[in-house]
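Letter by letter, the chains look like this.
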Amino acid sequence: MHKLPFDIIHTLLNFTEVTDLVSLCSTCKSLRAHIKNDSVWRRVCSAYGVRDTSYFNGHSAYTIYTRLLHPYGSLLGLWANDSPFYGKILEFRIFPGSREEQGGIIGDVWTSPPTAPPDSPEPPTYTRAVKLSFENEVPQDSAAASDGDEGPGIVHVFCDRGTTPLPEPDATSSRHRSTIVRLSATNLGKFLQFYRRKVNLPDFPPHISPWYDKHRGLPRIPELAETTSHHREVIKLYPAARLPAVWVGPTAVTKPAAISICCTHPECPCQPLHATELPFANLDGRAPRYYPLKSVVLPAAVHPTSDEWSVAALDGIWYGSYGPSGTECIYLAHDEDLETVEATKITGDVHVPRGCVSWIVHLPPESQRVTLEGYWSAVRTDGVSPRRILAGHGTIAGRGFTDMAIVEIVAGVISVDQIDIFWTEIHEFRTYKRYKGRQPAL
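Residue indices begin from 1 for each chain and proceed along its sequence in written order. Totals for whole chains, interfaces and linings use every residue, but because this is a predicted model, local features are given only for residues with pLDDT of at least 70 and side-chain atom pairs only at 80 or more, for both listing and counting. Just so you know, side-chain values use all the structure's heavy atoms and leave hydrogens and water out.

Caption draft 1: Molecular detail of helix α4 (residues 38-46). Only protein chains enter the accessibility calculation, which uses a 1.4 Å probe; a residue whose area is less than 20% of its type maximum is buried, one above 50% is exposed, and one in between is partly exposed. Segments assigned H or I by DSSP are reported as helices when at least four residues long, segments assigned E as strands when at least two residues long, and all are numbered from the N terminus. Among all positions in α4, only V40, W41, V44 and C45 are buried. The arc that holds every buried residue of α4, seen down its axis, measures 135°, which confines them to one face. Directions are taken from the helix axis to each C-beta atom, and the arc is the one they span.

Next up, the structure:
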C-alpha cells in the first residue's frame, strides 16, 4: 500500500476510523509520514464540531485531536451531579474560539430562578464554569497566540466564569487552574440526620436509572480511587444542637465511576455553581460527582390526538414549576408494557431531592377516562382541555425529605411539548415543558 500515490493513500485515509488510521500508519515509515497530514485530522476534528482550528493557540489539527478531543471529547454533552437535595446539571460544549479568546471545551452549569409561577416554568440559563484549553494561566492575546507555534500542546483546566479576556484593562481575572478527575465506583450515599431520626436521600444514580447514559464514556484520563471514609461513627457523636446535618455513609447501591471538578482555590467563585448551599450542616466536604446524563430526546412530533401517539413520545428532559422551589429539571421515561411514564428529578429542592421520582402516570382505561375528563373540567378554570389525560400519583414531602407522602395527580398532555399536572393535595396545577436544547444565540 505504501507504493500507492500520495493522493490515493490520502483518499483512503479519509474513510478510515481513527483507531485504524493510527494502527495503519504505524506499520511502516512511509505510511507514518501520513499520520500528521493536517487535512486528515481536520476531518476527525470536524466530527467533534471543530471545523476551524485558527484559535487553538496555533496548534495543528493533529495536536488538537490527540491532546484535547481524544482524551476529553467524551465530556461533550450533559452531566448530572449528586450534590445533596438540589443537584446540578453541567453541559460541556465545543467553543471554536474568536479573536478575543482561544478555543477549547467549555462547561456551562444550568441555572434556574429560585421561584417560578405554577404555569410558567423558566428554561435553564447557562453560567460558564469550566474551560479546557491550550491557554496558559495568564490571559494572552489571541492573535499573538496563533502564530503557528506548536509549544508543548498541554491542555489546562480552568475554573472560568468567562472573565477572560478581561472586560477592562485594569480588571482582575477570576480564572485559575482547576482539575477534572475521574473517580472510581463507590457505594457511599448521603443521609440527613435529625435528632434520633435518619433520612435516606435517594441513591444517585440508583441501580436502575432511566436517565443515566451508560453508553457515554468517561474522559481518557487515569482513574482515581474514591475515598472510602464516611461519617457513620462521627454522626453518632455530632452535637444535637447542630442537627440536622448531611453526612456520608455506605449503602447497598454501588454508584458507577464518575468525574468531578476539583479546585483548591480558597475563594473560587465557581464552586457554589456546582453545589447549592444547604440550609443544613454538611459534613461532606467532597466535590460533587458528575454522571453522564442522556442527551435531549426530540421524538417525531406526533400530536397527542393522533392514533400513533403513545407515552413513549414523552421521553426526555423536561423542566417544570415547583412553586416556591422554582423551576426544576426532570427526566421522563416510559414503560412500554405498563404504559406508564415516570418523572425522575435530576435537580431537586429541600423538600423532594434530586434522584426522587417526582410523579408517575399511566393511560387510564376508557371507563375511567370520561370521569377524569369531567374532573379536569371541574377544577380547571381557564378552559384549557388536554389532548390526552393520564392518572397517577406524585411525591410530596416536608423540609428535609421528611413525612414523605404519595398523593393522587391528574396529568393532561396539552401539546407535544407541554404537560399540566393537577396536584390534588395542594389543589394546584403545575406546568412542565419539554427541553429542546440550547437555543442559538441571536
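Structure's up, so let's keep going.
Caption draft 2: Examining helix α8 (residues 366-379) more closely. Helix length check: α8 (14 residues) gives 21 Å between terminal C-alpha atoms against 20 Å at 1.5 Å per residue, within 8%. Here α8 has its buried residues at L372, W376 and V379. For α8, the buried positions fall inside an angular range of 75° around the axis, keeping them on one side. Facing away from the buried side of α8, by more than 90 degrees, are the exposed residues E366, S367, V370, T371, S377 and A378. Between two residues, a contact is recorded if the distance between any of their heavy atoms is within 4.5 Å. At its buried positions, α8 is contacted by β19 (388-398), β20 (402-415), β21 (418-423) and β22 (428-434). Residue count minus one, scaled by 1.5 Å, sets the expected span of a helix.

Caption draft 3: Expanded view of the side chain of T186. You can see T186 is positioned in strand β8 (residues 186-194). Polar side-chain contacts of T186 include one of 3.1 Å to the backbone nitrogen of L188. Discounting residues that sit within four places of it in the chain, T186 has contacts with E226, V253, T254, K255 and R289. We define a polar contact as two N or O atoms separated by no more than 3.5 Å, with the added condition that, inside protein, one atom must be a possible hydrogen donor and the other a possible acceptor, whereas residues neighbouring each other in sequence contribute only through side-chain atom pairs.

Caption draft 4: Focus on the packing of aromatic side chains. Pairing of aromatic rings covers Phe, Tyr and the six-membered ring of Trp, with a centre-to-centre limit of 6.5 Å; geometry is then stacked below 30 degrees between planes, edge-to-face above 60, and tilted otherwise. Taken as a whole and judged by the stated rule, the model has 16 aromatic pairs. With 4.6 Å between their ring centres and 50° between their planes, W110 and Y435 make a pair best called tilted. Within this pair, whereas W110 is found in strand β3 (residues 104-111), its partner Y435 is found in the segment after β22, the two being separated by 325 residues in sequence. For W110, a relative accessible area of 5% translates into the label buried. Take Y435: its relative accessible area is 4%, and that puts it in the buried class. Plain terms: the ring middles of W359 and Y432 are 5.5 Å apart, the flat faces sit at 70° to each other, and that makes the pair edge-to-face. Of this pair, W359 sits in strand β18 (residues 357-362) while Y432 sits in strand β22, and the two are 73 residues apart along the sequence.

Caption draft 5: Geometry of the packing of α4 against helix α5 (residues 61-72). Only the stretch in contact is used when a helix axis is fitted, and all axes are lines through C-alpha atoms; the angle between N-to-C directions ranges over 0 to 180 degrees. At a minimum axis distance of 7 Å, the contact between α4 and α5 shows a crossing angle of 40°. As far as their axial angle goes, α5 and α4 are oblique. Of the residues in α5, those touching α4 at D38, W41, R42, V44 and C45 are A61, Y62, I64, Y65 and L69. Residues were grouped as follows: Ala, Val, Leu, Ile, Met, Phe, Trp, Tyr, Cys and Pro as nonpolar; Asp, Glu, Lys and Arg as charged; and all remaining residues, including Gly, as polar. When grouped by side-chain class, the residues that make up the contact of α4 with α5 number eight nonpolar, no polar and two charged. Angles are sorted into four bins: roughly parallel if under 35 degrees, roughly antiparallel if over 145, roughly perpendicular if 65 to 115, and oblique for all others.

Caption draft 6: The arrangement of the pattern of salt bridges in detail. We count a salt bridge whenever a side-chain nitrogen from Lys or Arg sits within 4 Å of a carboxyl oxygen from Asp or Glu. All chains considered together, the criterion is met by 25 salt bridges. With a closest N to O distance of 2.8 Å, D349 and K345 form a salt bridge. A relative accessible area of 1% places K345 in the buried class. The salt bridge involving E373 is made with R369; its shortest N-O contact spans 2.7 Å. Of the two residues, E373 and R369 both sit in helix α8, four residues apart, roughly one turn of that helix.

Caption draft 7: View of empty space enclosed by the protein. Here a cavity denotes a set of grid points, spaced 1 Å apart and computed over the protein atoms alone, in which a 1.4 Å probe fits but from which it cannot get out, and a pocket denotes an open set meeting protein on both sides within 12 Å along at least five of seven lines; residues with an atom within 4 Å of a point are reported as lining. Grid points are joined across faces, edges and corners, and a volume is the space filled by probe spheres set on the points. Within the structure shown, the criterion is met by two cavities of 30 Å³ or more. The calculated volume of the largest cavity comes to roughly 110 Å³. D82, L188, G189, K190 and K255 are, among the 14 residues lining the largest cavity, the residues nearest its centre. The greatest single-element share of the lining of the largest cavity, amounting to four residues, is contributed by β8.

Caption draft 8: Quick look at the sheet that holds β20. Strand order in the closed barrel made by the eight strands is β15-β16-β17-β18-β19-β20-β21-β22, with antiparallel pairing throughout. For this sheet, the mean inter-axis angle between neighbouring strands, taken without regard to orientation, is 30°. In terms of strand pairing, β18 meets β19 through four bridges, oriented antiparallel. Residue H362 lies in a different strand from β19, and its bridge partner there is A391. One requirement defines pairing of two strands: DSSP has to find at least two bridges between them.

Caption draft 9: Molecular detail of the nonpolar core. Nonpolar cores are built from buried Ala, Val, Leu, Ile, Met, Phe, Trp, Tyr and Cys residues. Side-chain atoms within 4.5 Å join them into one set. Residues L68, F92, L132 and I180 are the most contacted members of the largest nonpolar core, which totals 34 residues. Looking at this core, the elements with two or more residues in it are α4, α5, β2 (89-95), β3, β4 (125-133) and β12 (258-262). Element by element, the count of residues in this core is highest for α5, at seven residues. If sequence neighbours within four positions are ignored, L132 has contacts with L68, Y72, L75, F92, G104, I105, V155, H156, V157 and I180. Within the second largest apolar cluster, 21 residues are counted, among which are I330, L332, W359 and Y432.

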